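# Examining the three-dimensional arrangement
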Amino acid sequence: MTIDKNVISGKYRKLYYCISAILFANDIEGINFETNDDEYEPEVETILPRLPETETIEDIQVVVQEEFARWFGEKRELDEFYIVAKEIWAAWNTYKSGMS
C-alpha cells in the first residue's frame, strides 16, 4: 500500500490530523505555543507517505527522526522519538484495521 500525498485531504484525512495532533502534543521541537496546532503539518506530509514501509515502532522512530532532521536541520537521538513513534504506530494500525 502506498499513500499518495494528493489523497491526504480525503481518504487519509483523519490519520493525517491524528499524526499532526500527536506531533503537536509531544512537541519535540518546542514549537507548540497552544494556538498553532497546524505547526507540524509539513512534517506529517512527509511522514505519512512513508508509513507503509514500516513494520515496527522502531521503523517509525527512524522515519520520524529522518524527517525531523530534514525539516529542522539537526539529527536528534533516536530515543527522543519513541513515544511519538509508539502513538503513530497505534494510530497507523487502527487506520489499517479499519480498512479491512
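Residues numbered from 1 in each chain as written. Predicted model: local features only at pLDDT ≥ 70, side-chain atom pairs only at ≥ 80, totals over all residues. Heavy atoms only, no water.

### Focus: the nonpolar core
- In this structure, L23, L51 and I88 are the most contacted members of the largest nonpolar core, which totals 26 residues.
- Listing elements by their share of this core, those giving two or more residues are α1 (13-26), α2 (41-47), α3 (57-72) and α4 (82-99).
- Leaving out residues up to four positions away in the same chain, L51 has contacts with L15, I19, I60, I88 and W92. (Core = buried A, V, L, I, M, F, W, Y, C linked by side-chain atoms within 4.5 Å. Buried < 20%, exposed > 50% of the residue type's maximum accessible area, 1.4 Å probe, protein only. Helix = DSSP H or I, 4+ residues; strand = E, 2+ residues; numbered from the N terminus. Contact = heavy atoms within 4.5 Å.)

### Some thoughts on the packing of aromatic side chains
- For the structure shown, the criterion picks out five aromatic pairs.
- Geometrically, the ring pair formed by Y12 and Y95 is tilted, given 5.3 Å between the ring centres and 40° between the ring planes. Residue Y12 is found in the segment before α1, and its partner Y95 is found in helix α4; the two are separated by 83 residues along the sequence. The pair formed by Y12 and Y95 is uniform in burial state, with each residue classed as buried.
- A centroid spacing of 5.6 Å and a plane angle of 70° characterise the contact between F68 and F81, whose relative ring orientation is edge-to-face. (Phe/Tyr/Trp six-rings, centres within 6.5 Å; stacked < 30°, edge-to-face > 60°.)

### Let's talk about the confidence of the model for the chain
- In this model, the chain carries a mean pLDDT of 85, and residues with pLDDT of at least 70 account for 84%.
- Model confidence for the chain, summarised as mean pLDDT per element, is weakest for α2 at 90 and strongest for α3 at 96. (pLDDT = per-residue confidence, 0-100.)

### Examining the side chain of E67
- Here E67 shows up in helix α3.
- Those residues in contact with E67 that lie beyond four places of it in its chain are T46, I47 and R50.

### What about unusual backbone geometry?
- One non-glycine residue, D27, adopts positive backbone phi at about 40°.
- Structurally, D27 is set in the loop between α1 and α2.

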